[in-house]
Amino acid sequence: MKTEHILIIRFSAMGDVAMTVPVIYSLAHQYPDVRITVLSKPFARVFFEDLAPNVGFMGADLKKEYHGVKGLNALYRRLTAKNFTAIADLHNVIRSDYLRIRFNIQRYRVAHINKHRQARRLLTAANNKQRVQLPTSFQNYAEVFAQLGYPIQMNFTSIFSPEGGNLKELPSEIGEKKASQQWIGIAPFAAHPGKVYPAQNMQSVIQKIVEKHPSCRIFLFGGGKEEIDKINILSDTFQQCVNASTILGDLKKELILMSHLDVMISMDSANMHLASLVNVPVVSIWGATHPFAGFMGWNQNPKNAVQIDLPCRPCSIFGNKPCMRGDYACLKNISPEMVVDRVEDIIKSK
C-alpha cells in the first residue's frame, strides 16, 4: 500500500506561517503514518524541523530561486519528484493557485483554504458593518485537511517541553531567570501603522511596569534599523530593558527566550503568534484590526486582547489601510493603564 504523503503550501508573512503550526502538529500526531512536507519560505524551517518525526520541510524563495512562471514550473518539477499523494494549499494566492492548478491537471487530491473574503469585506465595511466572529485561521487550515480526508482535533500546546527551551543555548547576556523575578517581553512594532501602539504610550507602559516590578527584566523584540534604534532608546532609558533581538540574532533563540517569559505584550503581529507557539500568555493590542477577523494567537485568552469600541473598527483585516478618521484613535485612545492592568492580572495568576 502506498504511503500517504501530504504537501502543505504556505508562504506569506511569519505570523501566518506560525499559525499553521498548531494544526500541522495535530495532524502529524493524529496520523503518524502519514508523511507531511511543509513548503514555505526558508525562515520557517525552525517551526517544523522538530515538530514531529513525520514532518519534513522544504524551503523555497519565490522572489529569487523560483521567481515568475519559469521559476514556479521549476518548483513544480521539484515537487512532483517527491511522490506526494495530496496537496493542501493553505495560502490561496496567485502563486500557490498556479501550483495547485498544475497538480489538479495531473489529478492529485487537492484542497485549498477558504479565506471568507466576502465576510471580511462586511466586517471592515465603512457602512452597514457586520461585526461578527469569523472562523479562525486555525479552523480554516483544519478544514483543508478535513477535505482531504484527515479530520483533526487540535491538541497543540508548545513547540517545547513544559519546561521551555534550553536557556543555556542563549548568549550569556540573557542569563538565568531568578525564581522571584518577572520576565516580560514587549514587541512594540508591526508591519503597518494601523497596528502600532504609539511609542509614547508604550514608554508609559514600561514606566508603570518597572515601578510595580523594579527587579523585572523586560526583553524587547524587533528587527530593522529603525526599530532597533527605537529599542535602543528604551534600553538606554530603562535599566530593566534588554534589546533581545539584537543580542539573540536568531529566530530559534528568540523562541527559546520567549518560552521563559511570564507574559508578552505584542501588537496584532508575528510576535503574538511566536509567543503563542511556546505557550506564553499575550497581552495583545488591537487598533485598526480586530480579533473577529480570526487572527488571535493560538490558545490566547480573549480578555487579554486590549481594544476600544469605535464605530469604524475594524477598518482593515491586515491594518494596511489609511485611517479614515486620520488620527488612529483606535490606538491612541488605549490608555497605558489598560495594558498594564492586563499584564498585572497575568502575573498575579502565576
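Residues numbered from 1 in each chain as written. Predicted model: local features only at pLDDT ≥ 70, side-chain atom pairs only at ≥ 80, totals over all residues. Heavy atoms only, no water.

## Let's talk about the overall build of the chain
Then, number 1: For the chain, the count of helices and strands is 14 helices and 11 strands.
Then, number 2: For the chain, the C-alpha radius of gyration of 21 Å lies close to 20 Å, the compact-globule estimate for 350 residues.
Then, number 3: Within the span of the chain, comprising 350 residues, buried residues form 55% of the whole.
Then, number 4: Looking at the chain alone, contacts between residues at least 24 apart form 67% of all its contacts between residues at least 6 apart.
Then, number 5: As displayed, the chain has an accessible area near 16200 Å², and 50% of this comes from carbon and sulfur atoms.
Then, number 6: Within the chain, the 29 negative side-chain charges are centred at a point lying 8 Å from the centre of the 41 positive side-chain charges. (Helix = DSSP H or I, 4+ residues; strand = E, 2+ residues; numbered from the N terminus. Rg over C-alpha atoms; globule rule 2.2 N^0.38 Å. Buried < 20%, exposed > 50% of the residue type's maximum accessible area, 1.4 Å probe, protein only. Contact = heavy atoms within 4.5 Å. Areas by Shrake-Rupley, 256 points an atom, 1.4 Å probe, with all protein chains shown as cover. Lys, Arg positive; Asp, Glu negative; His and termini not counted. Charge placed at Lys NZ, Arg CZ, Asp CG, Glu CD.)

## Some remarks on the packing of helix H2 (residues 21-30) against helix H7 (residues 137-147)
Then, number 1: Where H2 meets H7, the closest approach of the two axes is 9 Å, and the angle between their N-to-C directions is 35 degrees. Crossing of H2 against H7: the hand is right-handed. Only Phe 138, Tyr 141, Ala 142 and Phe 145 of H7 make contact with H2, whose side of the interface consists of Pro 22, Val 23 and Leu 27.
Then, number 2: Considering only residue class, the contact of H2 with H7 consists of seven nonpolar, no polar and no charged. (Axes fitted to C-alpha atoms, helices over the stretch in contact; angles between N-to-C directions. Left-handed = near helix turned anticlockwise from the far one by under 90°. Nonpolar A, V, L, I, M, F, W, Y, C, P; charged D, E, K, R; others polar.)

## Here's the deal with the side chain of Arg 217
Then, number 1: With respect to the secondary-structure elements, Arg 217 resides in strand S7 (residues 217-220).
Then, number 2: Buried within the structure, Arg 217 lacks any salt-bridge partner; its nearest side chain of opposite charge belongs to Glu 173, at an N-O separation of 8.6 Å.
Then, number 3: There is a polar contact of 3.2 Å between the side chain of Arg 217 and the backbone oxygen of Glu 173.
Then, number 4: At a separation of 2.4 Å, a polar atom in the side chain of Arg 217 contacts the main-chain carbonyl oxygen of Ile 174.
Then, number 5: Sequence-distant contacts of Arg 217, that is, excluding residues within four places in its chain, are made with Glu 173, Ile 174, Gly 175, Gln 181, Gln 182, Trp 183, Ile 184, Gln 240 and Val 242. (Salt bridge = Lys/Arg side-chain N within 4 Å of Asp/Glu carboxyl O. Polar contact = N/O pair within 3.5 Å; in protein donor to acceptor, adjacent residues only side chain to side chain.)

## Points about the sheet that holds S7
Then, number 1: With respect to topology, six strands assemble into an open sheet ordered S8-S7-S6-S9-S10-S11, the strand pairing being parallel. Edge positions in the open sheet fall to strand S8 (241-243) and strand S11 (305-306), since each of these has one partner strand only.
Then, number 2: Here strand S6 (residues 183-187) pairs with strand S9 (residues 263-267) via four bridges, running parallel. Paired with Ile 184 across the bridge in S9 is Val 263.
Then, number 3: Strands S6, S9 and strand S10 (282-285) of the sheet are contacted by helix H12 (residues 270-277), whose axis makes an angle of about 155 degrees with S9.
Then, number 4: Each of S6, S9, S10 and S11 touches helix H14 (residues 336-349); the most contacted strand, S10, lies at about 165 degrees to it. (Pairing = 2+ DSSP bridges.)

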